[in-house]
Each structure stands twice: as structure tokens, then as C-alpha cells.
Amino acid sequence: YLQISAVDAAPDGGFVLADGDLTLSEIRSTEMRAQVVVVTAEASHGVQIQRARAFLDAGAAAVLIMAWPVEEAAQERFFDGYFAALNRDRPPARALNEARESLMRDALLGVDNDDPGLWGSMLLLSNP
């Protein structure tokens, strides 16, 4: 797994890192064998789609992007469920479903995490 979070967008939509920009073309030209890449670094929906395409072109099996910002507590709860499911050898799409279901179950405990605006932000993309 690879997760990229809390970094600014480079001019081409890539990432501003401490030692320079990681461009989308550099991502595309790097061979990648990740089962899933998670991108929660904030950017517009269009930029997130470009990032996902670059990682898929590089060989990632799937890319999970955050289409819009989500409250940190709900995001944390979602990713706890997502990574727990991946660690139980669930495929990325099944892990996404289980993480969404865990947020909806929270509503039974009085925590308002069943709002589609929270879990609907997480989009999984993969090649056919």
C-alpha cells in the first residue's frame, strides 16, 4: 500500500515534497506494484482523477482518492476500517464497502457518520 496525505499540489497536479516536486509524468514512468494507492492530499476533483490515472498508468492495481475534504474524525474512522479490511486480505473494493458499512453502523451508536457526504467522498478507481 501507498498513502499520500497532507502535501500540497505541484503545478501539474503532482505533489510538492520536501526534496522537490513529484510530477504526474514521474509517477507514470515509475513501475509500481502497489495493491492500492490512497491519496487524501487535498486537491480539486479533477486533479484527484489525474493523480489516480497516473498511479494506475504506473501499475497500481487500484487508487482510492478523496474527492472532497471530510472531517478528520470521520476520515480517521473510515481509514481504520479500510486498512483493517485490507489487512484481512479483502480486495480494495470489498474493503471500501466494509469501511463504509462501519461508518453507517456508527449511527447505531449515536455517532452521525452515516452521512453519504462523509463516506461518499472516497472513490476507488482501477483498470478494467
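Our subject is the structure listed above.
Just so it is clear, the model here is predicted, and its values are computed rather than measured. Once a new chain begins, its residue numbering starts again from 1 and follows that chain's sequence as written. Selection of residues for local features in this predicted model requires a pLDDT of at least 70, selection of side-chain atom pairs for listing and counting requires 80 or more, and totals for whole chains, interfaces and linings are taken over all residues. In computing side-chain values, all of the structure's heavy atoms are included and hydrogens and water are not.

Observations regarding the overall build of the protein
Piece 1. Here a helix means four or more residues in a row that DSSP labels H or I, a strand means two or more in a row labelled E, and each is numbered from the N terminus. Each helix and strand counted, the protein has 5 helices and 6 strands in total.
Piece 2. Starting at the N terminus and walking to the C terminus, you meet the elements of the protein as β-β-β-α-β-α-β-α-α-α-β.
Piece 3. Scaling as 2.2 N^0.38, a compact globule of 128 residues should have a C-alpha radius of gyration of about 14 Å, and the protein matches this with 15 Å.
Piece 4. Taken along the three principal axes of its C-alpha coordinates, the protein extends 45 × 25 × 25 Å.
Piece 5. Each residue is assigned to one of three classes by its accessible area relative to the maximum for its type, calculated with a 1.4 Å probe on protein chains only: buried under 20%, partly exposed between the two thresholds, exposed over 50%. Across the 128 residues in the protein, those meeting the buried criterion constitute 41%. The globule rule used here is 2.2 Å times the number of residues to the 0.38 power, and the radius of gyration it is set against is calculated over C-alpha atoms.

Remarks on the packing of aromatic side chains
Aromatic ring pairs are described here by two measures, namely the spacing of the ring centres and the angle between the planes.
Piece 1. Within 6.5 Å between ring centres, the rings of Phe, Tyr and Trp (the latter by its six-membered ring) count as paired, and their orientation is classed by plane angle as stacked under 30 degrees, edge-to-face over 60, tilted in between. Per the counting criterion, the structure on display carries 7 aromatic pairs.
Piece 2. Ring centres of Y82 and F83 lie 5.8 Å apart, and the angle between their planes is 75°; on these two criteria the pair is classed as edge-to-face.
Piece 3. Through pairs of rings, three or more aromatic residues link up here, namely Y1, F78, F79, Y82 and F83.

Some thoughts on helix α2 (residues 45-58)
Piece 1. Its 14 residues give α2 an end-to-end C-alpha distance of 20 Å, which sits within 8% of 20 Å, the value for a rise of 1.5 Å per residue.
Piece 2. Taken together, the buried positions of α2 are occupied by V47, Q48, R51, A52, A54, F55, L56 and A58.
Piece 3. Contacts are residue-level and defined by heavy atoms, with any inter-residue pair within 4.5 Å sufficient. Buried residues in α2 make contact with β1 (2-4), β2 (15-17), α1 (24-28), β4 (37-39), β5 (62-66) and β6 (122-126). Expected span of a helix: the number of residues minus one, times 1.5 Å.

Some remarks on the sheet that holds β1
Piece 1. On the basis of which strands lie adjacent, the open sheet formed by 4 strands has the order β1-β4-β5-β6 and mixed pairing. The open sheet terminates on both sides in strands that have one partner only, identified here as β1 and β6. For this sheet, the mean angle separating the axes of adjacent strands, direction not counted, is 15°.
Piece 2. Two strands make a pair as long as DSSP finds a minimum of two bridges between them. Relative to β5, β4 is paired through 3 bridges, and the arrangement is parallel. Each residue of the ladder has a partner; that of V37, found in β5, is V63.
Piece 3. Against the sheet, α2 contacts β1, β4, β5 and β6, and its axis sits at roughly 165° relative to β5. Axis lines are fitted to C-alpha atoms, over the contacting stretch for helices. Their N-to-C directions set the angle, which ranges from 0 to 180 degrees.

Brief notes about the side chain of R51
Piece 1. Checked against the element boundaries, R51 lands in helix α2.
Piece 2. Positive charge is attributed to Lys and Arg, negative charge to Asp and Glu, and no charge count is given to His or to the chain ends. Salt bridge, as applied in this entry: a Lys or Arg side-chain nitrogen positioned within 4 Å of an Asp or Glu carboxyl oxygen. Although R51 is buried, it forms no salt bridge, and the closest oppositely charged side chain is D12 at an N-O distance of 7.6 Å.
Piece 3. Ignoring sequence-local partners within four residues, the contact set of R51 consists of D8, A9, G13, G14, F15, L24, V39, A41, E42 and A43.

Re a negative patch on the surface
Piece 1. Taken together, the side chains of E71, E72, E76 and D80 make up a negatively charged region of the molecular surface.
Piece 2. Structurally, the position occupied by D80 is in helix α3 (residues 72-87). A patch consists of residues exposed above 30% relative accessible area that lack any salt bridge, with like charges linked at up to 9 Å and nonpolar side chains (Val, Leu, Ile, Met, Phe, Trp, Tyr) linked at up to 5 Å. Accessible surface area values rest on a Shrake-Rupley calculation with a 1.4 Å probe, where residue burial reflects the displayed protein chains alone. Throughout, a charge is located at the NZ atom of Lys, the CZ atom of Arg, the CG atom of Asp or the CD atom of Glu.

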